[in-house]
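Examination of the molecular architecture
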Amino acid sequence: MNNNLTIAMPKGRIFEEALELLRKAGYKLPPEFDDSRKLIIEAAAEGLRFILAKPMDVATYVEHGVADVGIAGKDVLLEEERDVYELLDLKISPCYLAVAGLPNTQMNEVAPRVASKYPNVAEAYFRAQGEQVEIIKLNGSIELAPLIGLSDRIVDIVSSGRTLKENGLVEYERIVDVTSRLIVNPVSYRLKDTRIDELVTRLHEVVAEGGSSDENSKNI
Amino acid sequence: MSRLFMFEKPLGMRDTLPELYEKKHQIRSVIAETMKLWGYQFIETPTLEYYETVGAASAIADQQLFKLLDKEGNTLVLRPDMTAPIARVAASKLLSEDLPVRLAYSANVFRAQQREGGRPAEFEQIGVECLNEDTVSCDGETIALLISSLKKVGLPQFQVSIGHVGFAQELFMQILGTNGRATALRKFLYEKNYVGYREHVNSLQLSSIDKQRLLQLLQLRGGEEVIGKALDIIENGKGKQAIIELQELWDVIKDYGIEEMVKFDLSIVSHMSYYSGILFEAYAGNVGFPIGNGGRYSLIEKFGRKATATGFAVRLDMLLEALKEVQLENTAHCIFFSGERRKEAFQLAEKMHGQGKLAVLQDITGVKNLDAFTKRFNDTTFLIGGSGNE
């Protein structure tokens, strides 16, 4: 088997930040990366191959082993519950999952409805609060749901809170903090251990330098 | 439910077409022969078992079990693994003389899909169980047999990672004191969430030395040197038993001469809750999931007899995936005949069959596209028309 690593990367904002991390960690990546529309990009000199995926799908590629390593948001990992190693908190793209809705409203007592792109996270959260809710799965613009009466609450990613505010919604509860994580396929973790350990060490050094006050970063 | 199309199968059920069947059959035969040479005797158990007994003893999650009811209203399950049925047979019949028993099986097991495709709900496992024998030699024997089997089928690259259930458990109990706190930490290992594990360790009220010991567990993978590192982080002899067993196992593995294919990984925690000692997983290149796993377990006790056993199971579907590039040789020969020379054709076929050669008899008038059909064979003979001219 070749010793090249295939890395699944999320398209969009996280991609930029992840790319910067990798470059800081000393990986020489071609400049064409930054504005390419290709879905597969080779960095032959480094023995790396990148596949660009929808953020929600990164963990899927890694679980099935078509990518050895991936960079995925904690929100995706919580929602998808894939069988992958979560090795490192990259501390990029910080945000959080929250419950939001129209101000000063109660949930419907008979059939409280919650709209979300994260049906599993939403259900688990409300169940842990001792509440049975009905989940409506949406794929985007979740803020619409309470505005037009589809649901009482939404569960969604919040980063600055601006989208909520501009749509007249308020945050009710904060569920969990989210950052991007380095994830690894369990078989690759064993068969390509040298390369993966090296990647983890180099990325970890960069993350720790990033001025993190987090104590656990010292202890990897 | 919408009306089913005639081609549809229940979710996760798969057909095995001739080419795949042949390859699967060959792999199965090679492994089975190896197991027999090592003295493991094949057995079969029923496809259906009681939910209350075998279903409950098995380590497969409840929602993955296929359940049905019998006429008396008992819940039955399609067996989700072979270890629990064999433990049942062993406890009730085969262990009465209190001697070691070596059994093998190759059978389909059933686990309902919970998510999208890419995973079969029915797949074949081939494996062994060495029952009522609790030496480390026996753990080593099953690992050596696993490696020997994988080599014989021509798997180009693979690795067996070995861990021990007792080590992490003892370490957690010693440092954390209570089972509840140990379980919380073990859950992170089980979920492969090392970020969460580190955060949890750092949030605990512990000395920095104890924190370091817990964090170092994640690094305990590699060759023989892992034994020394593991000894460094234990205290008061807790967890030492596991290390002694692993050291002994390493010596056994060296005597088998298979240390190249083996690595330690003390952070392995299996979803199989019945494991009680050494456990291992086998990985092959180009397959994203383990192709086999095994270990020592105390499951037989659930069926009323005090004994441990060790064994492994290989997933034939995963192994086939790993062997995707290995092509089978096409040795098929086709004898085309017409009415005039039918008898001659039959005699030729009989002769070839007698020599153990694959020969297909085909009436020439029964094939519409001769070119396409001929391509499927390695060789052909035409016995057509008046005798003497082919």
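In case you missed it, the structure is sitting above this.
Not measured: the values here are computed from a predicted model.

Definitions and cut-offs
- Residues numbered from 1 in each chain as written.
- Chains lettered and ligands numbered in written order.
- Predicted model: local features only at pLDDT ≥ 70, side-chain atom pairs only at ≥ 80, totals over all residues.
- Heavy atoms only, no water.
- Helix = DSSP H or I, 4+ residues; strand = E, 2+ residues; numbered from the N terminus.
- Contact = heavy atoms within 4.5 Å.
- Areas by Shrake-Rupley, 256 points an atom, 1.4 Å probe, with all protein chains shown as cover.
- Lys, Arg positive; Asp, Glu negative; His and termini not counted.
- Charge placed at Lys NZ, Arg CZ, Asp CG, Glu CD.
- Buried area = accessible area lost by both parts, 1.4 Å probe.
- Salt bridge = Lys/Arg side-chain N within 4 Å of Asp/Glu carboxyl O.
- Polar contact = N/O pair within 3.5 Å; in protein donor to acceptor, adjacent residues only side chain to side chain.
- Nonpolar A, V, L, I, M, F, W, Y, C, P; charged D, E, K, R; others polar.
- Pairing = 2+ DSSP bridges.
- Axes fitted to C-alpha atoms, helices over the stretch in contact; angles between N-to-C directions.
- Phe/Tyr/Trp six-rings, centres within 6.5 Å; stacked < 30°, edge-to-face > 60°.
- Buried < 20%, exposed > 50% of the residue type's maximum accessible area, 1.4 Å probe, protein only.
- Lys NZ or Arg CZ within 6 Å of the ring centre and 35° of its normal.
- Parallel < 35°, antiparallel > 145°, perpendicular 65-115°, else oblique.
- Left-handed = near helix turned anticlockwise from the far one by under 90°.

**Looking at the overall build of chain B**
- Counting its secondary structure elements, chain B contains 13 helices and 15 strands.
- For chain B, the spread of C-alpha atoms along the principal axes amounts to about 95 × 55 × 45 Å.
- Taking all contacts inside chain B whose residues are at least 6 apart in sequence as the whole, residues at least 24 apart take part in 69%.
- Accessible area for chain B stands at about 19700 Å²; split by element, carbon and sulfur atoms hold 50% of it.
- A distance of 4 Å separates the average location of the 45 positive side-chain charges in chain B from that of its 50 negative side-chain charges.

**Examining the interface of chain B and chain A**
- Between chain B and chain A, the residue contacts involve 34 residues of the former and 28 residues of the latter.
- Roughly 2700 Å² is buried in total at the junction of chain B and chain A, and carbon and sulfur atoms are behind 44% of that figure.
- Across the contact surface, chain B and chain A share 5 salt bridges.
- A salt bridge links Arg-190 of chain A to Asp-265 of chain B; the nearest nitrogen and oxygen atoms lie 2.6 Å apart.
- Put simply, chain B and chain A have 12 residue pairs in polar contact (both at pLDDT 80 or more) between them.
- Of all elements in the fold, only strand 7 (158-164), helix 7 (194-203), helix 8 (208-216), strand 9 (262-265) and strand 10 (275-284) of chain B reach the threshold of two or more residues within the side of chain B that touches chain A.
- Per-element tally for the side of chain B that touches chain A: the top contributor is helix 7 of chain B, with 5 residues.
- Tallied by class, residues from the side of chain B that touches chain A come to 10 nonpolar, 12 polar and 12 charged.

**Some words on the sheet that holds strand 7 (residues 113-116) of chain A**
All names here are of chain A.
- Pairing is mixed across the open sheet formed by 5 strands, whose spatial order is 8-7-9-6-10. Either end of the sheet is taken by a strand with one partner, and the two such strands are strand 8 (134-137) and strand 10 (170-178). Going across the sheet, the axis of each strand differs from the next one's by a mean of 25°, ignoring polarity.

**Here we look at the packing of aromatic side chains**
- One pass over the structure, following the stated rule, counts 14 aromatic pairs over all chains.
- Seen from their ring centres, Tyr-189 of chain A and Tyr-194 of chain B are 6.3 Å apart, and the 80° between their planes marks the pair as edge-to-face. Of the two residues, Tyr-189 of chain A sits in helix 7 (residues 186-191) while Tyr-194 of chain B sits in helix 7, which places them in two different chains.
- Between the aromatic rings of Phe-336 of chain B and Phe-382 of chain B, the centroid separation amounts to 4.7 Å while the plane-to-plane angle is 10°, which identifies the pairing as stacked. One end of the pair, Phe-336 of chain B, is in strand 13 (residues 333-337); the other, Phe-382 of chain B, is in strand 15 (residues 379-383), with 46 residues separating them in the sequence.
- Classification of Phe-336 of chain B as buried rests on a relative accessible area of 0%.
- A residue is classified by how much of its surface remains accessible, and Phe-382 of chain B, at 25% relative accessible area, is partly exposed.
- One aromatic cluster is present, formed by Phe-336, Phe-373, Phe-377 and Phe-382 of chain B through successive ring pairs.
- Across from the ring centre of Tyr-189 of chain A, 3.6 Å away, lies the NZ or CZ of Arg-221 of chain B, which sits over that ring.

**So, the packing of helix 5 (residues 165-176) of chain B against helix 6 (residues 179-190) of chain B**
Residues and elements named next belong to chain B.
- Where helix 5 contacts helix 6, the two axes come as close as 9 Å, and the packing angle between them is 135°. Classified by the angle between their axes, helix 5 and helix 6 sit oblique to one another. Two packed elements cross with a definite hand, and for helix 5 against helix 6 that hand is right-handed. Residue-level contacts link Ala-168, Gln-169, Phe-172, Met-173 and Leu-176 of helix 5 to Asn-179, Arg-181, Ala-182, Leu-185, Arg-186 and Leu-189 of helix 6.
- The residue inventory of the contact of helix 5 with helix 6, partitioned by class, reads 7 nonpolar, 2 polar and 2 charged.

**Remarks on the side chain of Glu-141 of chain B**
All names here are of chain B.
- Structurally, Glu-141 can be placed in helix 4 (residues 136-152).
- Within polar-contact distance, the side chain of Glu-141 engages the side chain of Arg-102 at 2.8 Å.
- The contact partners of Glu-141, leaving out residues within four places of it in the chain, are Trp-38, Tyr-40, Arg-102 and Tyr-256.

**Some thoughts on the pattern of salt bridges**
- Tallied over the full model, the rule gives 32 salt bridges over all chains.
- We note a salt bridge from Glu-123 of chain A to Arg-127 of chain A, for which the minimum N-O separation is 3.3 Å. Here Arg-127 of chain A and Glu-123 of chain A lie together in helix 4 (residues 119-128), a separation of 4 residues that amounts to about one turn.
- The class for Arg-127 of chain A is exposed, based on a relative accessible area of 61%.
- In this structure, Arg-162 of chain A and Glu-166 of chain A form a salt bridge, with 3.1 Å as the shortest nitrogen-oxygen distance. Highlighted residues: Arg-162 of chain A and Glu-166 of chain A, both in helix 6 (residues 162-166), separated by 4 residues, approximately one helical turn.
- Taking the relative accessible area as the measure of exposure, Glu-166 of chain A reaches 58% and is therefore exposed.
- Each of Glu-63, Glu-80 and Arg-82 of chain A together with Arg-119 of chain B takes part in a single network of salt bridges with overlapping partners.

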